[in-house]
Amino acid sequence: MDVKGAYLNGNLKEEIFMMQPEGYSDGSNKACQLLKTLYGLKQSGREWNIELNIKLEECGYKRIHSDPCVYMLKTLDGMILITVWVDDLLIFATSIKYMQIAKRDILESFEVTDLGELNKMVGIEITWDHEHRKITITQTSYIEVILAKYGLQDACPVHTPLDANIKLEPGEPEAGNCSNNYASLIGSLMYAAVGTRPDIAFAINRLASFTANPTMCHWTAAKHVLRYLKGTKNMGIIYSKPESEGMTSQNNFTGYSDASFTNNYDRTSVSGYVFVSAGGAVTWGSKKQNIVSLSTTEAEYVCLSDTVHEATWLRNLYAEIGYPQKEPTLVYGDNLGSLAIATNPCYHKRTKHFDIKHHYIRDQVSNKTIVTEYLPTAQMTADILTKALPKRTQDIHMKSLGLSSA
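Residues numbered from 1 in each chain as written. Predicted model: local features only at pLDDT ≥ 70, side-chain atom pairs only at ≥ 80, totals over all residues. Heavy atoms only, no water.

So, the overall build of the chain
Secondary structure summary: the chain contains eleven helices and 18 strands in total. With respect to the three principal axes, the spread of C-alpha positions in the chain is 75 × 65 × 45 Å. Taking all 406 residues of the chain together, the buried fraction comes to 45%. Counting contacts in the chain only where the partners sit at least 6 residues apart, residues at least 24 apart contribute 67% of the total. Computed over 40 positive and 44 negative side-chain charges, the inter-centroid distance for the chain is 5 Å. (Helix = DSSP H or I, 4+ residues; strand = E, 2+ residues; numbered from the N terminus. Buried < 20%, exposed > 50% of the residue type's maximum accessible area, 1.4 Å probe, protein only. Contact = heavy atoms within 4.5 Å. Lys, Arg positive; Asp, Glu negative; His and termini not counted. Charge placed at Lys NZ, Arg CZ, Asp CG, Glu CD.)

Quick look at the structure:
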């Protein structure tokens, strides 16, 4: 559902005046005091969210702690979830009866447009296959718009998002400052990387490092990503119901953690993690570590700790919406040293300089909320989030992420 004129529903707490709008002036030149928010005011977004929260809570919905944009109404025989993206509401219900209840509650509070079954949300396209119990999310139209904007809609496709043979480093800018255009391109690609395309996450992470001072080499690499998307624009993440009907809640998601040691021009490492549920990636990350690790084990341990942070949030989210994890969450790593340190405080002389915050993982392993296991690098799905890979290896990991042509 889409709320019409959402920002006009907020109540102003500050004293704000405006000139009489053109065409509505009474000729007195008096100023108008605003009682409600308008589009363009800094307060509008927050005041709209406060008003929405008040109305939903009056209807019995509860804002969950794990995500303030999710509201839940749960009874003995059903449940409703409402997720909020500014003025777009996405409604989940366990039955038609509860869907009708949710719609009634919203219609009584705001003027909205009922858009029916979900097929597109904030640029993400959703395709349903009810017969085979599958859902596919893609961003085909969004990618086509980016390609047209930069004149690459007819470009020759390439097989990988980043050329492994190209070394990206800071350099002197070329004639003319194109940083704003470069930042716009990277920002556009980043939305695809965080929405449905984890396969380009590392490339965008690397290219974003040069936003302030891009060179022609960085521009070429960014357009290389566009050419890759040209050939894979129909690709998306496919989620499907497990074949085994007896699967228990502990199988809801599995994590993969990997780091690439000193894989940056400034000798920092790159962390990558991904969690997979129902056959597809549900959350992932690729980022430069903010410390210089002294060993591969340290880089992997730092990444493993970040992965467990995400696992903790996922466990809390699942528990709040009615799917508590009865067993420890499984997180795979491909470095035996980091896995050993996570389980036991060993190798003290070589690990005593580790920042205390990274030992969070030990508590979670000790509490039996997380269990770590070794997985060979060749099978490590998160490897695609830490470095540029050859096509064959990339295709293997993309399949593990649930990425396939729609």
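Here we look at the pattern of salt bridges
Here the structure, examined in full by the defined rule, presents twelve salt bridges. Here arginine 197 and aspartate 199 are joined by a salt bridge, their closest N and O atoms 2.9 Å apart. Here lysine 287 and aspartate 306 are joined by a salt bridge, their closest N and O atoms 3.8 Å apart. With lysine 287 in strand β15 (residues 280-288) and aspartate 306 in helix α7 (residues 296-320), this residue pair connects regions lying 19 residues apart in the sequence. Residue classification places lysine 287 among the partly exposed residues on the basis of a relative accessible area of 45%. (Salt bridge = Lys/Arg side-chain N within 4 Å of Asp/Glu carboxyl O.)

Considerations on the packing of α7 against helix α8 (residues 336-343)
Where α7 contacts α8, the axes come no closer than 8 Å and their chain directions differ by 55°. Taken together, α7 and α8 sit at an angle that is classed as oblique. Like other packed secondary-structure pairs, α7 and α8 cross with a definite hand, here right-handed. Where α7 abuts α8, its residues Thr297, Glu300, Tyr301 and Leu304 lie against Gly337, Ser338, Leu339, Ile341 and Ala342. Across the contact of α7 with α8, the residue classes tally to five nonpolar, three polar and one charged. (Axes fitted to C-alpha atoms, helices over the stretch in contact; angles between N-to-C directions. Parallel < 35°, antiparallel > 145°, perpendicular 65-115°, else oblique. Left-handed = near helix turned anticlockwise from the far one by under 90°. Nonpolar A, V, L, I, M, F, W, Y, C, P; charged D, E, K, R; others polar.)

A look at the pairing of strand β14 (residues 270-277)
Within a regular strand, side chains alternate between the sheet's two faces. Burial analysis of β14 places eight of its eight residues in the buried class, the great majority of the element. Burial along β14 is two-sided: Val270, Gly272, Val274 and Val276 facing one way and Ser271, Tyr273, Phe275 and Ser277 facing the other are all buried. In this structure, strand β13 (residues 254-260) lies alongside β14, joined through seven bridges in antiparallel fashion. Residue threonine 254 lies in a different strand from β14, and its bridge partner there is valine 276. In this structure, β14 lies alongside β15, joined through eight bridges in antiparallel fashion. In the strand pairing of β15, tyrosine 273 is matched with glycine 285. In textbook terms, the turn of a hairpin is the stretch between consecutive antiparallel strands, and for β14 and β15 this stretch comprises two residues, one of which, alanine 278, has a positive phi near 55°. (Pairing = 2+ DSSP bridges.)

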